[in-house]
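Topology and contacts: notes
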Amino acid sequence: MEAFLPVGFLLIFALLLCVGLFTVKRLLGPRNPVSSKLSVYECGVASPEGNARAPFKTSFYLIAVLFLLFDVEAAFFFPWALVYRESLAEGPALLIAMLIYMGLLVLGLVYIFRKDCLKLN
Amino acid sequence: MEWTDLIITAVKTAVIYLGMVQVVPIMLIVERRGAALMQDRPGPNRVGPFGLFQPIADVIKMMMKEVTVPRQVNKALFLLGPFLVLFPASLVIAALPFGDYFTLLGRDYLLQVANIDVGILYVLAIGSLGIYGILFGGWASNNKFSLIGAMRSSSQIISYEIPLGLAACSAVLWYGSFSLREMVYTQEGTFLGILPNWGFFYQPIGFLLFFIAAFAETNRLPFDLPETEAELVAGFHTEYGPMDFGTFFMAEYMNMATMSGLMVAMYFGGWHLPWVSDVTLLQWLGSRNLLAALQVVTVIVKISVFMLMFVWVRWTLPRFRFDQLMRLAWRNLIPIGLINLVITALIMYFRSAQ
């Protein structure tokens with residue numbers, strides 16, 4: 001755990017920088033709130049068209065779900081990668097295991113392409 | 001741990017952190033002058049000699065501008081957004097190795113904030129937290145441009161995290177370690193007798209993947225879809241004032257520096273000079289601390305080359321369309337990353353079988 005102690009220092013410095021930037025912004029900037037200044041920015045439109053909190057395209061949600069799947073699957077490669085070099089002395093067992101696992105992953109990827117899940121237009 | 005130890009570690013951390021923050025003003029002038037050079041115009045050259053004090057003027061201007069918090073925003077999330085981006089960007093630098101070690105008061109101190117044995121995982125984990133800030137800021141702005149920018153940004157960053165992770169995974173596979181420090185130690189010496197023993201020569205595909213993904217992760221130009229000024233005004237920070245914009249800006253440059261530092265440590269030999277081993281250098285210089293200084297300079301020079309590359313690419317390549325960007329990540333980079341992993345594993349297997 002002692003190796004992570006300096007990260008604690010860094011955390012404190014980063015917090016200090018954030019707080020410092022926030023106070024500087026608050027103290028130095030002038031304040032002159034006018035109604036039109038505080039309105040939504042929309043190119044040349046006097047009053048904004050509807051609310052931004054409207055239902056949104058599901059394709060972004062789909063990407064998040066796919067990311068979750070693939071990143072978790074990719075995360076399983078990391079411990080394997082760490083022990084692979086040492087395991088080579090005992091034959092190709094780990095290599096074959098990984099190839100099978102990756103085959104399943106590629107099947108999933110092919111399924112995504114077939115279903116055209118990433119269509120964003 | 002003694003008190004002197006604690007104090008020296010704290011000072012070392014502060015120096016490294018402030019050094020990384022200095023990337024921002026330096027890149028501010030380099031980026032603007034670099035852009036001017038490539039577009040055949042003088043660029044900012046009025047403030048100070050050769051316009052070198054331009055960043056100071058820029059920062060003062062940003063500070064003195066009015067702070068507006070628009071009416072329609074979710075105030076807490078809106079104010080928190082920029083700092084949620086800057087905070088992880090600051091923490092990530094803990095894993096970057098800047099040199100071997102220096103000696104002070106008879107003790108050795110590593111030229112690195114913390115010797116984290118899971119360095120790569122730490123960087124991937126903390127580095128990806130930055131999208132929360134972008135997403136919060138964009139959503140809380142309650143503006144269509146911001147919302148679309150934030151959505152694009154988050155889906156882009158998470159999509160490119162997979163090729164980034166796969167490239168890093170091949171590097172871990174090759175070096176057999178998660179620690180960036182261990183990786184740099186492995187890269188000493190020569191490869192095939194003439195080339196430096198750098199990861200780039202063993203993992204060229206991995207490096208390219210990492211390089212491309214690094215541009216997307218930092219929202220830099222060929223992939224700066226979150227803030228396409230032609231269509232989204234300024235993307236996720238449309239509603240933000242100047243200082244908040246500055247905070248996002250700082251985070252972006254610090255992320256760029258971190259990505260460059262990672263590429264240097266993983267693929268370009270870290271603090272090692274080509275063809276000269278650390279032991280020989282120590283004999284020439286005669287002092288451990290001089291060697292440490294030389295190593296820090298080497299790392300800084302290598303990082304600077306990558307930072308210049310970021311500027312260069314920005315003014316060379318046109319911007320992608322969003323669906324092209326997604327197709328590049330999912331259809332090209334992820335399969336290439338998987339293939340690279342298999343090729344690396346196979347090469348290692350056949351090398352050990354000989």
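This text follows the structure it describes.
Residues numbered from 1 in each chain as written. Chains lettered and ligands numbered in written order. Predicted model: local features only at pLDDT ≥ 70, side-chain atom pairs only at ≥ 80, totals over all residues. Heavy atoms only, no water.

Now for the interface of chain B and chain A. For an interface, size is often stated in terms of accessible area lost upon the parts coming together. Each partner contributes to the interface: chain B provides 82 residues, whereas chain A provides 68 residues. Around 6800 Å² of area is buried between chain B and chain A when both sides are counted, 76% of it from carbon and sulfur atoms. For the chain B face of the interface with chain A, the top three residues by lost area are Glu66(B), Lys144(B) and Trp330(B), together amounting to 10%. In this assembly, chain B and chain A are joined by one salt bridge. When the shortest N-O distance is used, the salt bridge between Asp244(B) and Lys25(A) registers 2.9 Å. Summed over the shared surface of chain B and chain A, the number is three residue pairs in polar contact (both at pLDDT 80 or more). Of all the secondary-structure elements, those providing two or more residues to the side of chain B that touches chain A are helix 1 (3-21), helix 3 (54-64), helix 4 (75-91), helix 5 (119-127), helix 6 (130-140), helix 7 (144-175), helix 12 (242-267) and helix 15 (322-353) of chain B. Here the side of chain B that touches chain A takes 19 residues from helix 7 of chain B, the largest share from any one element. (Contact = heavy atoms within 4.5 Å. Buried area = accessible area lost by both parts, 1.4 Å probe. Salt bridge = Lys/Arg side-chain N within 4 Å of Asp/Glu carboxyl O. Polar contact = N/O pair within 3.5 Å; in protein donor to acceptor, adjacent residues only side chain to side chain. Helix = DSSP H or I, 4+ residues; strand = E, 2+ residues; numbered from the N terminus.)

So, about empty space enclosed by the protein. All names here are of chain B. What the rule picks out here adds up to two cavities of 30 Å³ or more. Its boundaries defined by the atoms lining it, the largest cavity holds a volume of some 50 Å³. What lines the largest cavity is simply Leu96, Pro97, Phe98, Val184, Gly261, Val264, Ala265, Gly270, Trp271, Val299 and Ile303. Taken together, the elements giving at least two residues each to the lining of the largest cavity come down to helix 12 and helix 14 (288-314). A total of three residues in the lining of the largest cavity trace back to one element, the largest contributor, which is helix 12. Residue lining of the second largest cavity: Ile120, Val123, Leu124, Leu164, Ala168, Phe210 and Leu262, and that is the complete set. Going through the elements one at a time, helix 5 and helix 7 are the ones with two or more residues in the lining of the second largest cavity. Ranked by residues supplied to the lining of the second largest cavity, first place goes to helix 5 with three residues. (1 Å grid on protein atoms, 1.4 Å probe; cavity = no way out; pocket = protein on both sides within 12 Å on 5 of 7 lines; lining within 4 Å. Points joined across faces, edges and corners; volume = space filled by probe spheres on them.)

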